[in-house]
Amino acid sequence: MTSSDEYEIRRFRAGLNDDGTVTAETEAWLQAVNRGFHEQAFTPKTLRREAEFIAADDRLMTGVYVDRKLPHSVGAEVPVATFTTYMSTLSTGETLLPAHLISDVTVRPTHRRRGLLRRMMTESLTAARDASLPIAALTASEATIYGRFGFGVATQTSTIELDTTSRFALPSLDRGAVGTVELARREAIAEVADDIVARFHTATRGSVGRQASYPARIDGTINGHADEPDLTVRAALHYDVDGVPDGYVTYQHVESRDAVAEVKVIDLVATGPDSYLGLWNFVGNLDLIQRVRFSRARIDDPLPWAMADTRGYRVTGRDDLLWLRILDPIACLQSRRYSGDGELGLAVEDALGFAAGTFDLGVSGGIPSVQQTATTARPDADVTLDVASLSSAFLGGATIGALADAGRVRGDDDAVRQLGRMFAVDRAPYCITYF
Ligand SMILES: CC(C)(COP(=O)(O)OP(=O)(O)OC[C@H]1O[C@@H](n2cnc3c(N)ncnc32)[C@H](O)[C@@H]1OP(=O)(O)O)[C@@H](O)C(=O)NCCC(=O)NCCS
């Protein structure tokens, strides 16, 4: 047995030696993450690439170590738990909020359920709050882990299947398509992705800034843990009327279970409806392909509404993607516009304390003004909710009405309805980035 005070937590940045090799500490940490997610061990080339990406994100790596080695077991230099954080931004559609992103969370099976995740998470959120970061974000392997730390599901995506036999048609494009699509070199996507993704990110409520490895992840350069790129990945660009790339898609032909000729869309990022429909028109008209699958579609996707035969669009799954955790309710509530005016007292409950308090939310002409009136959740506030629910409702991913019916928002009916009107959004928040 190992008692909790035998664990030592160390924090460091990714290290590369002068000759370009990866430091032993970084290598041991990365190998621990790989084991945690049941991935293949790194080769020297993929290890170095991964370390370079982590360094480019300026990630703070946390490792938990035990100074004990049983004969033949992995060494004491390999952490029993890992955790990383880095700074990015969350788009509210109106502004980019600084966000504390959490990733690479693993605890070795032989050290589970001893509070290591709780310790790493609590210390990390405390540091983020001390650094005045308003919100934390993560993507989760399981939906039951992070609610207890105040995270709530903030965006969802659909997995869709598109029938691209002769029934596929987008009649609205016949009325004057804007721009054009052309096949691109696989490697060209990395050259244009930053700009296209930045435009998408600024305009899309719920989007999170991408980590440095993303272009390599979506163009086949990162190919599992193989040294060589995945040459089955193809790419196309959408160009606006001035010939400037304003959207891209990467995709590959895959073996389907039922012998249907299928393409999987890996990443499709468009900066507006023209490039979005233009890219889908391209993908939907690939010769020899009967079906296209995409697992990151908007839940309020315009695509079926643009199709002549909407039954050719099937939603086969719905998944949470982004989990948010408000740390500073004033900064967060003040960062968005609202759909209804009014004034309400909100009591926010937070078991970890960061966001707890009572707040006056006043909205006039859609512009908020937020004041804290107590440091605890006062029982006489108009509406009471826990921080995970507020985090889910923040960008409109969950409606106040649905949360109230689920028993997670409390208050008299008129106040809850008014809050629902204030928080309403025109489009569901959308995050296309897994981290
Ligand atoms: C998930 C994981 C990180 C948990 O680590 P851990 O150190 O065992 O967690 P802790 O002991 O700190 O537990 C903290 C709380 O979370 C709960 N918990 C931990 N893992 C959980 C899981 N998979 N499902 C549900 N609850 C879980 C614990 O019961 C505990 O609850 P409590 O504080 O209310 O009593 C670890 O099991 C793991 O590495 N899993 C594989 C990799 C993975 O899924 N990582 C997450 C990537 S998003």
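Calculation notes
Residues numbered from 1 in each chain as written. Predicted model: local features only at pLDDT ≥ 70, side-chain atom pairs only at ≥ 80, totals over all residues. Heavy atoms only, no water. Near = heavy atom within 4 Å. Polar contact = N/O pair within 3.5 Å; in protein donor to acceptor, adjacent residues only side chain to side chain. Areas by Shrake-Rupley, 256 points an atom, 1.4 Å probe, with all protein chains shown as cover. Helix = DSSP H or I, 4+ residues; strand = E, 2+ residues; numbered from the N terminus. Nonpolar A, V, L, I, M, F, W, Y, C, P; charged D, E, K, R; others polar. Core = buried A, V, L, I, M, F, W, Y, C linked by side-chain atoms within 4.5 Å. Buried < 20%, exposed > 50% of the residue type's maximum accessible area, 1.4 Å probe, protein only. Domains from an automatic or database assignment. Contact = heavy atoms within 4.5 Å. Pairing = 2+ DSSP bridges. Salt bridge = Lys/Arg side-chain N within 4 Å of Asp/Glu carboxyl O. Phe/Tyr/Trp six-rings, centres within 6.5 Å; stacked < 30°, edge-to-face > 60°. Lys NZ or Arg CZ within 6 Å of the ring centre and 35° of its normal.

Caption draft 1: The arrangement of the site of the ligand in detail. What surrounds the ligand is a group of 20 residues, the closest being Val 105, Val 107, Arg 113, Arg 118 and Ser 141. With respect to the ligand, the backbone of Leu 116 contributes an N or O atom lying 3.5 Å from an oxygen atom. The fraction of the free accessible surface of the ligand (900 Å²) that becomes covered by protein chains is 76%. Residue assignment for the shell around the ligand shows that the elements contributing at least two residues are β4 (96-107) and α3 (116-130). The residue inventory of the shell around the ligand, partitioned by class, reads 8 nonpolar, 6 polar and 6 charged.

Caption draft 2: Fine view of the nonpolar core. By size, the foremost hydrophobic cluster in this structure holds 68 residues, and its most contacted members are Leu 90, Tyr 146, Phe 151 and Phe 423. Per-element tally for this core: the top contributor is α3, with 6 residues. A domain-level breakdown of this core finds at least three residues from each of domain 1 (4-133) and domain 3 (329-385 + 399-423). Every residue in contact with Phe 151, bar those within four places of it in the chain, is listed here: Ile 102, Met 121, Leu 125, Ala 136, Ala 137, Leu 138, Tyr 146, Trp 323, Leu 324, Arg 325 and Ala 388. Listed in part, the 43 residues of the second largest apolar core include Ile 189, Tyr 214, Met 307 and Tyr 313.

Caption draft 3: A look at the environment of Arg 59. For Arg 59, the location among the structural elements is in the loop between α2 (44-56) and β2 (60-66). Its relative accessible area of 6% is what places Arg 59 among the buried residues. Ignoring any residue separated from it by four or fewer positions in sequence, one finds Arg 59 in contact with Phe 12, Arg 13, Ala 14, Ile 54, Thr 84, Thr 85, Tyr 86, Ser 103, Asp 104 and Gln 211. Here Asp 104 takes part through its side chain, which lies 3.3 Å from a polar atom of the side chain of Arg 59.

Caption draft 4: Just the side chain of Asn 34, in detail. Inspection of the secondary structure puts Asn 34 in helix α1 (residues 24-36). For Asn 34, a relative accessible area of 3% corresponds to the buried category. Residue contacts for Asn 34: discarding those within four places in its chain leaves Glu 39, Gln 40, Ala 41, Phe 42 and His 225.

Caption draft 5: Looking closely at the sheet that holds β4. In space, the 7 strands of this open sheet follow the order β1-β2-β3-β4-β5-β14-β6, with mixed pairing throughout. The open sheet has two edge strands with one neighbour each: β1 (7-13) and β6 (152-153). Judged from the 4 bridges that link them, strand β5 (residues 135-138) and strand β14 (residues 323-326) form a sheet pairing that is antiparallel. Pairing of Ala 136 across the sheet is with Arg 325, part of β14.

Caption draft 6: Summary view of the pattern of salt bridges. Per the counting criterion, the structure on display carries 25 salt bridges. Across the salt bridge formed by Asp 219 and Arg 186, the nearest N and O atoms sit 3.9 Å from each other. In this pair, Asp 219 sits in the loop between α6 (214-218) and β9 (234-239) while Arg 186 sits in the loop between β8 (180-184) and α5 (188-203), placing the two residues 33 residues apart along the sequence. With a relative accessible area of 3%, Asp 219 lands in the buried category. Residue Arg 186 is classed as buried on the basis of its relative accessible area of 13%. In this structure, the salt-bridge partner of Asp 258 is Arg 291, at a minimum N-O distance of 2.8 Å. Of this pair, Asp 258 sits in the loop between β10 (245-254) and β11 (262-270) while Arg 291 is found in strand β12 (residues 291-297), placing the two residues 33 residues apart along the sequence. A residue is classified by how much of its surface remains accessible, and Arg 291, at 14% relative accessible area, is buried.

Caption draft 7: Main features of the packing of aromatic side chains. As enumerated under the stated definition, the model contains 6 aromatic pairs in all. Among the aromatic residues, ring-to-ring pairing joins Tyr 276, Trp 280 and Phe 294 into one connected group. Across from the ring centre of Tyr 65, 3.8 Å away, lies the NZ or CZ of Arg 10, which sits over that ring. Over the ring of Tyr 338 we find Arg 336, and its NZ or CZ is 4.5 Å from the ring centre.

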